[in-house]
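# Working through the structure, step by step
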Amino acid sequence: MAYREQETAPAPRRRRADARRAQQQQQQRPMMETPRRVQSTRQPAPASGRAQAYASLPPKAAFAQAVQTPPRERFAQERPTARSAASYEPSMPSGYGPVTDKKRPVRGVDVSYGSTVRPGKAALFQDVSAGEKERRGAPGVSYALAAARERSTPSGSYAPLRGTAAGKKEWAIVPGSYAIAAAKGRSTPSGRSAPSGRGTPSGRGTPSGRGTPSGRGTPSGRGTPSGRFARPAEKREKHTAPRGRRPRRPRRTLLTILLLIVFALISTAGIVCYTAYSEIMDVRERGTFYRGVYVNGYELYGATPQEAYDFVLSNARAELSNWSVTLTYGDDYSWSITADTLDISASLENVVAEAINEAYAIGRVGTIIDAYDEVFALKHEPRYIYTSEVTKSDAHIDALLNEIKTTVDVQAQDAVWEFMPERQNPIVVTEETYGKSLDIVALKEEVMRLVNDMEPGTIEIVPDVVEPAIVAEDITSSIVQLSSYSTPINKSSTDERNLNIERGCNAFNGKVIKAGAKVSFNDWVGKRTEGNGFYQALEIVNGEYEMGWGGGICQVSSTLYNAVIQAGMEVNSRRNHGLPVNYMDMGLDATVADRGIDLVFTNNTGADVYCVARVESSGNNKTCLFEFYGRPDPNGYTYSLLPEIIEVIPIPETTPIPDKEAKYVIYTDQIKEVSEGSEGYKVRVYLVTKDSNGNVVSTKELYTDTYKAVTPKVYVGVTER
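Attention in this report is confined to the structure presented alongside it. As the structure is a computational prediction, the values presented were derived from the model and not from experiment.

### Let's talk about the overall build of the protein
- A count of helical and extended segments in the protein gives 15 helices and 27 strands.
- Put simply, the protein has 721 residues, and 41% of those count as buried.
- In the protein, 71% of the contacts between residues at least 6 apart in sequence involve partners at least 24 apart.

### Quick word on the packing of helix 13 (residues 495-506) against helix 15 (residues 553-566)
- It is the contact of helix 13 with helix 15, at a shortest axis distance of 7 Å, that shows an interaxial angle of 40°. In terms of axis orientation, helix 13 runs oblique to helix 15. Between helix 13 and helix 15 the crossing geometry is right-handed. Residues R497, N500, I501, G504 and C505 of helix 13 touch helix 15, and the partners they reach there are I553, Q555 and V556.
- Split into classes, the residues belonging to the contact of helix 13 with helix 15 amount to four nonpolar, three polar and one charged.

### Things to note about a nonpolar patch on the surface
- A surface patch of nonpolar side chains, amounting to about 470 Å² of accessible area, comprises L254, I257, L258, I261 and L265.
- Relative to the helices and strands, I261 is located in helix 5 (residues 250-286).
- For I261, a relative accessible area of 44% corresponds to the partly exposed category.

### Details of the side chain of S347
- Within the secondary structure layout, S347 lies in helix 8 (residues 345-360).
- Only 3.1 Å separates the side chain of S347 from the backbone oxygen of I344, close enough to count as a polar contact.
- With residues near it in sequence (within four places) discarded, S347 still touches V390 and T391.

### Brief notes about the sheet that holds strand 3 (residues 293-295)
- Strand order across the open sheet formed by three strands is 4-3-7, with mixed pairing between neighbours. Here the strands that pair on one side only, and so sit at the sheet edges, are strand 4 (298-299) and strand 7 (383-385).
- Here two bridges tie strand 3 to strand 4, and the two strands are oriented antiparallel to one another. Bridging across to strand 4, Y294 finds its partner in E299.

### Here's the deal with the packing of aromatic side chains
- The full count for this structure, using the stated rule, is 12 aromatic pairs.
- Where Y329 meets Y333, the ring centres are 6.0 Å apart and the plane angle is 35°; that geometry is what we call tilted.
- Using a relative accessible area of 15% as the deciding quantity, one classes Y329 as buried.
- Overall, the relative accessible area of 39% leaves Y333 in the partly exposed class.
- An angle of 70° between the planes, with centres 5.8 Å apart, marks the rings of F508 and F626 as edge-to-face. Here F508, found in the loop between helix 13 and strand 14 (512-513), pairs with F626, found in strand 21 (residues 621-630); they are 118 residues apart in sequence, far enough to count as distant. Side by side, F508 and F626 carry an identical accessibility label, which is buried.

### Observations regarding the packing of helix 10 (residues 395-408) against helix 11 (residues 440-453)
- Contact geometry of helix 10 with helix 11 gives a least axis separation of 11 Å together with a crossing angle of 135°. Classified by the angle their axes make, helix 10 and helix 11 are oblique. Pair helix 10 / helix 11 crosses with right-handed handedness. Taken together, the residues of helix 11 that come into contact with helix 10 (itself represented by I397, D398, L401, N402 and K405) are I440, L443, K444, V447, M448 and V451.

About the thresholds
- Residues numbered from 1 in each chain as written.
- Predicted model: local features only at pLDDT ≥ 70, side-chain atom pairs only at ≥ 80, totals over all residues.
- Heavy atoms only, no water.
- Helix = DSSP H or I, 4+ residues; strand = E, 2+ residues; numbered from the N terminus.
- Buried < 20%, exposed > 50% of the residue type's maximum accessible area, 1.4 Å probe, protein only.
- Contact = heavy atoms within 4.5 Å.
- Axes fitted to C-alpha atoms, helices over the stretch in contact; angles between N-to-C directions.
- Parallel < 35°, antiparallel > 145°, perpendicular 65-115°, else oblique.
- Left-handed = near helix turned anticlockwise from the far one by under 90°.
- Nonpolar A, V, L, I, M, F, W, Y, C, P; charged D, E, K, R; others polar.
- Patch = residues over 30% accessible without salt bridge, like charges linked within 9 Å, V, L, I, M, F, W, Y side chains within 5 Å.
- Areas by Shrake-Rupley, 256 points an atom, 1.4 Å probe, with all protein chains shown as cover.
- Salt bridge = Lys/Arg side-chain N within 4 Å of Asp/Glu carboxyl O.
- Polar contact = N/O pair within 3.5 Å; in protein donor to acceptor, adjacent residues only side chain to side chain.
- Pairing = 2+ DSSP bridges.
- Phe/Tyr/Trp six-rings, centres within 6.5 Å; stacked < 30°, edge-to-face > 60°.

And the structure:
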């Protein structure tokens, strides 16, 4: 390989003309077909001995042998003689293979050996014809022998061959051999040193160290059919090209990128700010609400304040019209509380207007920056505004609750009883009535809780129960029958006598004996006269039966006496008959008379005593009945009289009684026994006290009665015959 000295580099204008000429020649060259080899009629130049030896080897073996020979020696041995461009024809060993690094293949570069060229691949020809300014290969294909990233190959960095113009000094390539430009300042076959493997026909360096026919380098460092070359791969060394541009440094590229980023950020920020400003000003000019503003749950975006006010107020009124609180009492009563009851219509308009004004002020207060911040925040966190609590009047509620109370309240009624002596059970009890009272204070609190929350609902009214002071049980336990005593009326008793008995009972029937009161039989009954309604009937007078006014009244007093004893009342005055009576045992009777004999007793029970006295009839049988009702004995005791005959008085001898009136007999020889005599008795009477179980608690002697013996009554006449 021989090196031809370079001529003086053309001027810039000339270089541009050469580049245009080379480009036109390249476009006029026909495309090479692949994979057909390029056939030439020219005879190949004679090869040197080493070249012939390479030619006899397979392509890859020849490549390996060639790269093992030192560059200087190989260039000296294989330098061919210069020939004209017209007689030069490439002749390469057949086959092709990639030039690879020891560690990894060269990316994007595939070097072909020989005349076969693949589309998109790079081909290295043995020589360049005279006058040609570019290397042969597929049109538009960049020729690069070194990798785009300047990776090393097994024999070091490979510098590309240049196509040169006619008459220029150029590299001569022996078939099968490669020109190696030392990446580290190795000498070239001509003895010149290429500091970084970069040389140009004009001697000028390029920013990337790649020579071109016109002396210009390419930013990518890749050779092209127009003579662009790759940078050396193994090591970049600083050099100063004799002429041309200074090498481009990565710092400028980084600065450019940073400037582009800053410009992009500024542009983006400007666009965003302009968009936000336009959005804010657009809403302000339309006089509407910003997006993300809600009142009572309704978004107001796009609405004017008046439209929003009408809409929110209409919905609020609709909600209020459907709101009510119902008060129920039983199945028959119901009351309703509505918005009209609360008088909230006027205050509703005010609170809606306040909420609308507050919502409309969003994004309109402060500077444009403040507005932007507030509007931007709405996109992430919408603003929800609710109408404040409306003013509610409770005047109508108070009036309504008072009306309800009037309906619900019921006054409690105590159990009462009535003394009705004509009835079989004279104590008639009327059951108590429980009252009802509505606590309107508690009810209003419950109503206002729903009203304040505007929560509809139904409240069932449950009034308080008012208990009566006296119930029926209290009466029945406080008024009991203290005593009941009856005596049979003899069937031979005349009607007058029976009427006298009824008259005496009527004087006591239905009477109330007050606690502590003293009762006199004669006072209550009155004198037994015709004017007082009494009749004449037999009665015992001085131990003898006689006709008298009010005969039979002693059966009433005797029956009353025993009833008084059983009731536990105190007997102040009592006297027995002179003769035993036929309607009760001796010692139990009590006689009365207008002339001073009386039955007197005192109500010492501590409570009122109610008296029942009547003549009861059952068929032909009649009885005189006395009953007392009052507070039960505190000890639960019952009382009775127990008579005991302690002495019998014999019948006295009879002495005839002269019948001067000739009532029974007239003559002295006539004797008439008017009545038989009877024995007399002494009777001791005891008061027996028993408990509620019938056990005798005490037996107390009260008195001893004496019933005198009756002499038979015999009349004799006083007229002699």
